Amino acid sequence: MGEAPVLTATLVGEASSKFTRRFPSTTSIFDTNSCSGAHPTPISLLRLNKKPGSQSAFISFACRNKCTKLVAKSLISKMAGDEGTPVTADVTSGGMIFGPIIEDGVFRFDCSANDREAAHPSLSFVNGKDRETPIQSQKTPSYIPNFERLLGQQIVKLELPVGTSLYGTGEVSGQLERTGKRVFTWNSDAWGYGSGTTSLYQSHPWVLAVLPTGEALGVLADTTKRCEIDLRKESMVQFIAPSSYPVITFGPFATPNAVLRALSRAIGTVFMPPKWSLGYQQCRWSYDSDKRVQEVTRTFREKKIPCDVVWMDIDYMDGFRCFTFDKDRFQDPKSLVKDLHQNGFKAIWMLDPGIKVEDGYFVYDSGSKTDVWISKADGKPFVGEVWPGPCVFPDFTQAKVRSWWSNLVKDFICNGVDGIWNDMNEPAVFKVVTKTMPESNIHKGDDELGGCQNHSHYHNVYGLLMARSTYEGMKLGNEKKRPFVLTRAGFIGSQRYAATWTGDNLSTWEHLHMSIPMVLQLGLSGQPLSGPDIGGFAGNATPELFGRWVGIGSLFPFCRGHSEKDTADHEPWSFGEECEEVCRLALRRRYRLIPHLYTLFYMAHTTGTPVASPTFFADPKDTSLRKLETSFLLGPVLVYASTAVGQGMDTLQCTLPKGIWMSFDFDDSHPDLPALYLQGGAIIPVGPPHQHVGESNILDDLTLLVALNEHGKAEGVLYEDDGDGYEFLEGGFLLTHYVAELQSSTLTVKISKTEGSWKRPNRRLHVQLLLGGGAMVDIWGKDGEILQLSMPSEQEVSQLVSTSEKQYRTRLENAKRIPAVEVSSAHKGIELSRTPIELKGGDWVTQVVPWIGGRIISMTHLPSGTQWLHSRVDINGYEEYSGTEYRSAGCSEEYNVIERNLEHAGEEESLTLEGDIGGGLVLQRQLYVPKNDPKVFRIDSSIIARKVGAGSGGYSRLVCLRVHPMFTLLHPSESYVSFTAIDGSKHEIGPESNEQFYEGNLMPNGEWMLIDKCLGLGLLNRFDVSQVFKCLIHWGTGTVNLELWSEDRPVSNQSPLRISHEYEVINLS
């Protein structure tokens, strides 16, 4: 198998990691005595000083010559194993050199001047020159990273004060505060991901550190290559990626928001979304005909449930060919969209990167003529399997290819396309273990992007560049409309072109809970326009789960319901009247808040602040708020939700930040809807609950909700423009600053400042002053005039509050609750929202679902933070069969929990399951962590004869106990199985072997190990050779099966079949 290019987990830990705070002897990039011995050349000139024979010059030459086969082979030789750009080896560890860039408090760090010169161009920065250009500054960094080089990798460590909280890392599952976690930036098709999945669809090599003081610091590893972000050590940030790459720090600044504003000046802000895109959006894989689309949209209007957008998944296409329409099911897309527009709906259509290889298909023909496809190492176009079958993939690293794609998009939107959905753009490839294309593929990139490189260099930015091309194509098609693009894959900076969603999640309570920190984490990484598939993509939600998810999701920045094929319908009316009413209330609430949300997006677009932020943003110094995951802020609005089954808001005690927080609602409180609070000192605008954004009118009544601070004052802003187009860039908008002040029992509300060229609309203004407990007093007037409200006496306020609290309790008591049922409202698909049994002991946490095959769906090793097994509920994971046939009896039956022992007084935690597999047989399984060996997770399985008839002589049918675990490969191309056979021969089996049986003397001698070279870890599986007849290795798409088979024979009461085996994680570093 060759040596592992990265085995760093333990070795790295031995390096020095002491941080330096304002250490005067740290080397600056302008120091003449730098550790590399380089002259004090300004960064902006370094790239001009390369010698003609340098590698960069070679790569540039290669691009101009279209990466011919000879050049491609040479590049492969230089880049094999992704070792990174060679640098001089005289400096292998130490403090990094630095220089100020962009603005005061922002610093670029490099290992040496040579490393600075060798670094590739930035694809995260809006303007790559900003990273290369020093500024004049008297400030020095507060914290200096240290570096080490090891096996071609650059390891960067930044140690921060004890008590620092860590966030960011982009699109990641699991907890909000990231201490203890490790992720890898490698865009991956991660269907049904879990809380321990380490690579999702997007890559953000970025950490936001909140110091004990409340100050914050941002750290960016500016590399497009696979990067390990290791936060397992408290208050320590560590990046590991191929050399050489710079690290950029932002701050420390006074607040986390200040750091994010500084970050946005480097990587750009979110595009200004069209206002309609803030409405609710309905999607499914798939609304498979124009008739079904019209039926769904018509039902929204009939049921008075607000909605703005309907989405078309891949089934609208002709045989999954992009830029085509199925002639039978979508005969006239222009007419369909016209009808949708008349009914207040926008239409968004999917485009994938995989282009079907088919002569006569206009996209394939024009792309081949223009030479736009990614090539293999031999120079021929790479062909991979996706939805249409064999496909080629555009090389978006070239300007000519982006232009080619943009022009296709331009023509495509003439059909009335309002928005475009870029999916599968990691890029995902079927039927290969890596789930993507080979890293040796060649991109003929533009010089300013990094030149001609292999796929390992551009993999993580492929989605960003596709989204950019799509965005630019939509702009070409209609310069008077703002593009709306949604992308699955992305990189830090992709918010400039596209919104995102959190991928193929599950209809489970765990995924409902995770959706909050996932949206917040993206906002803390520069992407404020995101949301989950509301209700869950895979599996069937229960009515309670769906209603609760809509209640929370209606307040996310991006609000879309989506579900996959072969599941029950997941429209708001699909779960009964009670759930339908909760969805209606939730979405009416969202539409009332759209003026506030649109204002927040204008601020995000102009200043880089997040739209949704963690609760601790209200008081960064309060460390007790830093791990709250069931609440979040929309500006000064606090949203507090319940994500636990059976627990409504009527039973939840809310944890609020210090200060004044006034509860409010719209007479819509319900146990399944979040509670809302407005921070003292804030004013927010709200509007009428329209059925779609297009119904709104500039002359609509405007309502201001006011919450006074301890000084009797409040302020807030409202941003208004056409809701689309670009006149706002020329001043065509109205930004109004409202202030309120209480003096001598009189509240005065007025405008303190306006911006923009719009004249103030002639509209009514309704001011509602919150008093506490949901109570309020109000006054009507005209917007633009000074309004004065006489305050009630203290006794009257007390009475108003008491009455309001009583009315609130009555509303909750009388609300029609969603039935708490375990079975979904339809029989299609698999119900996922029952709670798995968690077995926790020693080094292991596992999750088991007794109701479908007793399968293990998760195996997480706590010390390494590695989730070795993760699967959907209804298939895969750890299964057991009773025959040699795939998915024979045992893998789908309902199992009963025979015994469960919780860990107590030194005894191990264990679980015993039993499933009836027919013919008087049961399959019994015991799972446990031995109390004397906490590193081991053990499974004892048996096929037992319980009621075998006497007529059969007491023997059952022919059975085989087949243990079938499907392990998740975190790094498929860096994984293999190793074992020593009974005959003493040694074997290392990689993914290229596909499927292999081992029996007799070639069978493993009682143990085999799944090795991940990137992690430096192995999953050791030990078993009793006397019980195992043969072993099977099967490599799948991002997975591997390590199967143990018993002999094939009948069983009786006296002769069951048994396999006992165990798992242990071994550190190989």
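No experiment lies behind these values; they were computed from the predicted model shown.

**Quick word on unusual backbone geometry**
Alright, step 1. Here W285 and S286 are connected by a cis peptide whose omega angle stands at 0°.
Alright, step 2. Following the sequence through the fold, S286 ends up in the loop between strand 14 (281-282) and helix 8 (290-302).
Alright, step 3. Along the chain, E426 connects to P427 via a cis peptide bond; the corresponding omega equals 5°.
Alright, step 4. Phi at D667 takes a positive value of approximately 55°, unusual for a residue other than glycine.
Alright, step 5. Along the chain, D667 falls in the loop between strand 32 (661-664) and strand 33 (675-679).
Alright, step 6. The backbone of N994 sits at a positive phi, close to 60°, despite the residue not being glycine.
Alright, step 7. Take N994: it is sitting in the loop between strand 53 (986-989) and strand 54 (995-999).

**Description of helix 13 (residues 462-477)**
Alright, step 1. Between its first and last C-alpha, helix 13 extends 23 Å over 16 residues, near the 22 Å set by a 1.5 Å rise per residue.
Alright, step 2. For helix 13, the full list of buried residues reads Y462, G463, L464, L465, M466, A467, S469, T470, Y471, G473 and M474.

**Concerning the pattern of salt bridges**
Alright, step 1. Within this structure, the stated rule accounts for 53 salt bridges.
Alright, step 2. The salt bridge partner of R488 is D504, with a shortest N-O separation of 3.6 Å. With R488 in the loop between strand 23 (485-487) and strand 24 (490-491) and D504 in the loop between strand 25 (499-501) and helix 14 (509-523), the pair connects residues that are 16 residues apart, well separated along the chain. Accessibility classification places R488 together with D504 in one group, the buried group.
Alright, step 3. Here R560 ties to D533 by a salt bridge, and the two come within 2.9 Å at their closest N and O atoms. Of this pair, R560 sits in strand 28 (residues 560-561) while D533 sits in strand 27 (residues 533-534), and the two are 27 residues apart along the sequence.
Alright, step 4. A relative accessible area of 0% places D533 in the buried class.

**Structural notes on the packing of aromatic side chains**
Alright, step 1. Summed over the entire model, instances satisfying the criterion amount to 50 aromatic pairs.
Alright, step 2. For the ring pair F98 and F109, a centre distance of 5.9 Å and an interplane angle of 45° mean the geometry is tilted. On the criterion of sequence distance, the pair formed by F98 in strand 2 (residues 97-100) and F109 in strand 3 (residues 106-110) is long-range, its members being 11 residues apart.
Alright, step 3. With a centroid separation of 6.1 Å and 35° between ring planes, the pair formed by W844 and F937 is classed as tilted. Residue W844 is found in strand 43 (residues 844-849), and its partner F937 is found in strand 50 (residues 937-945); the two are separated by 93 residues along the sequence.
Alright, step 4. Among the aromatic residues, those joined into a cluster by ring pairs are Y316, F323, F325, F330, W349, Y364, W373, F396, W404, W405, F412 and Y462.

**Things to note about helix 18 (residues 794-814)**
Alright, step 1. In a regular helix each residue adds 1.5 Å, so 21 residues correspond to 30 Å; helix 18 covers 30 Å between its end C-alpha atoms and thus fits that length.
Alright, step 2. Burial in helix 18 covers these residues: V797, V801, S804 and L812. The buried residues of helix 18 occupy an angular sector of 70° when projected down its axis, which confines them to one face. Along helix 18, exposed side chains directed more than 90 degrees from the buried face belong to Q795, K806, E813 and N814.

**So, the sheet that holds strand 19 (residues 389-392)**
Alright, step 1. An order of 17-19-18 is seen for the three strands of this open sheet, with the pairing classed as antiparallel. The strands lining the two open edges of the sheet, one partner per strand, are strand 17 (355-356) and strand 18 (384-386).
Alright, step 2. With two bridges connecting them, strand 17 and strand 19 associate as antiparallel partners. Bridge pairing in strand 19 links K356 to C391.

**Brief notes about the nonpolar core**
Proteins that are soluble and globular tend to have nonpolar side chains buried together.
Alright, step 1. In terms of nonpolar packing, the biggest core is built from 176 residues, with F250, Y316, W349, F484, F632 and L634 touching the most fellow members.
Alright, step 2. Aside from chain neighbours lying at most four places away, what touches F250 is G105, V106, W206, A216, L217, G218, L220, V259, A262, L263 and A266.
Alright, step 3. Formed by 53 residues, the second largest nonpolar core is a distinct cluster that contains L970, V977, I1033 and W1035.

**Digging into the environment of V310**
Alright, step 1. Within the secondary structure, V310 sits in strand 15 (residues 309-312).
Alright, step 2. Given the relative accessible area of 1%, V310 is considered buried.
Alright, step 3. Counting along the chain gives 39 residues from V310 to W349, while the straight-line C-alpha distance between them is 9.0 Å.
Alright, step 4. Look past the residues within four positions of V310 in its chain and what remains in contact with it is Q282, Y287, V293, T297, L340, F345, K346, A347 and I348.

**Things to note about empty space enclosed by the protein**
Alright, step 1. Considering all chains together, one arrives at eight cavities of 30 Å³ or more under this definition.
Alright, step 2. In this structure, the largest cavity spans a volume of roughly 130 Å³.
Alright, step 3. H120, D222, T223, T224 and S244 are the residues nearest the centre of the largest cavity, which is lined by 16 residues in total.
Alright, step 4. Residue composition of the lining of the largest cavity, by class: six nonpolar, seven polar and three charged.

**Some remarks on the packing of helix 8 against helix 9 (residues 333-342)**
Packed helices, taken two at a time, are described by the angle their axes make and the gap between the axes.
Alright, step 1. In contact at an axis separation of 11 Å, helix 8 and helix 9 are set at 0° when each is read in the N-to-C sense. Of the possible angle classes, the one that applies to helix 8 and helix 9 is roughly parallel. The segment helix 8 lies against helix 9, with D290, V293, Q294 and T297 engaging L336, D339 and L340.
Alright, step 2. By residue class, the composition of the contact of helix 8 with helix 9 is three nonpolar, two polar and two charged.

**A short note on the pairing of strand 11 (residues 227-230)**
Alright, step 1. Going residue by residue along strand 11, you find C227 and I229 tucked away on one face and E228 and D230 tucked away on the opposite face as well.
Alright, step 2. Of the strand pairs in this sheet, strand 7 (residues 182-185) and strand 11 are connected by four bridges, and their pairing is antiparallel. Bridging across to strand 11, V183 finds its partner in I229.
Alright, step 3. Bridge analysis of strand 11 against strand 12 (residues 236-242) gives three bridges, and the strand direction is antiparallel. The residue bridging D230 from the neighbouring strand is Q238, located in strand 12.
Alright, step 4. Hairpin connection from strand 11 to strand 12: five residues lie between these consecutive antiparallel strands, with S235 at a positive phi of about 60°.

**Observations regarding the side chain of S871**
Alright, step 1. With respect to the secondary-structure elements, S871 resides in the loop between strand 45 (866-870) and strand 46 (878-881).
Alright, step 2. A polar side-chain atom of S871 sits 3.3 Å from the main-chain amide nitrogen of G877.
Alright, step 3. Apart from the residues within four sequence positions on either side, S871 is in contact with I856, I857, N876 and G877.

**Comments concerning the packing of helix 16 (residues 577-592) against helix 17 (residues 594-607)**
Alright, step 1. Where helix 16 contacts helix 17, the two axes come as close as 5 Å, and the packing angle between them is 55°. For the element pair helix 16 / helix 17, the angle class is oblique. On helix 17, the residues that touch R590, Y591 and R592 of helix 16 are I594, P595 and L597.
Alright, step 2. Along the lines of polarity and charge, the residues of the contact of helix 16 with helix 17 split into four nonpolar, no polar and two charged.

**Notes on the environment of D290**
Alright, step 1. Note that D290 resides in helix 8.
Alright, step 2. Separated by 39 residues in sequence, D290 and R329 have C-alpha atoms that sit 6.3 Å apart.
Alright, step 3. If sequence neighbours within four positions are ignored, D290 has contacts with R329, F330, Q331 and L336.

**Here we look at the pairing of strand 59 (residues 1057-1067)**
Alright, step 1. With seven bridges connecting them, strand 50 and strand 59 associate as antiparallel partners. Bridging across to strand 59, D940 finds its partner in S1060.
Alright, step 2. One ladder, built from seven bridges, connects strand 56 (residues 1017-1023) with strand 59; its direction is antiparallel. Bridging from a neighbouring strand, F1023 pairs with H1061 of strand 59.

**Things to note about the sheet that holds strand 31 (residues 637-640)**
Alright, step 1. What the five strands build is an open sheet, ordered 29-30-31-33-32; its pairing is antiparallel. The strands lining the two open edges of the sheet, one partner per strand, are strand 29 (612-614) and strand 32. Strand-to-strand, the axes of this sheet are offset by a mean angle of 35°, without reference to chain direction.
Alright, step 2. Direction of pairing for strand 30 (residues 631-634) relative to strand 31: antiparallel, over a ladder of four bridges. The residue bridging S631 from the neighbouring strand is Y640, located in strand 31.

Cut-offs and rules
Residues numbered from 1 in each chain as written. Predicted model: local features only at pLDDT ≥ 70, side-chain atom pairs only at ≥ 80, totals over all residues. Heavy atoms only, no water. Helix = DSSP H or I, 4+ residues; strand = E, 2+ residues; numbered from the N terminus. Expected span 1.5 Å × (residues − 1). Buried < 20%, exposed > 50% of the residue type's maximum accessible area, 1.4 Å probe, protein only. Salt bridge = Lys/Arg side-chain N within 4 Å of Asp/Glu carboxyl O. Phe/Tyr/Trp six-rings, centres within 6.5 Å; stacked < 30°, edge-to-face > 60°. Arc of directions from axis to C-beta. Pairing = 2+ DSSP bridges. Core = buried A, V, L, I, M, F, W, Y, C linked by side-chain atoms within 4.5 Å. Contact = heavy atoms within 4.5 Å. 1 Å grid on protein atoms, 1.4 Å probe; cavity = no way out; pocket = protein on both sides within 12 Å on 5 of 7 lines; lining within 4 Å. Points joined across faces, edges and corners; volume = space filled by probe spheres on them. Nonpolar A, V, L, I, M, F, W, Y, C, P; charged D, E, K, R; others polar. Axes fitted to C-alpha atoms, helices over the stretch in contact; angles between N-to-C directions. Parallel < 35°, antiparallel > 145°, perpendicular 65-115°, else oblique. Polar contact = N/O pair within 3.5 Å; in protein donor to acceptor, adjacent residues only side chain to side chain.

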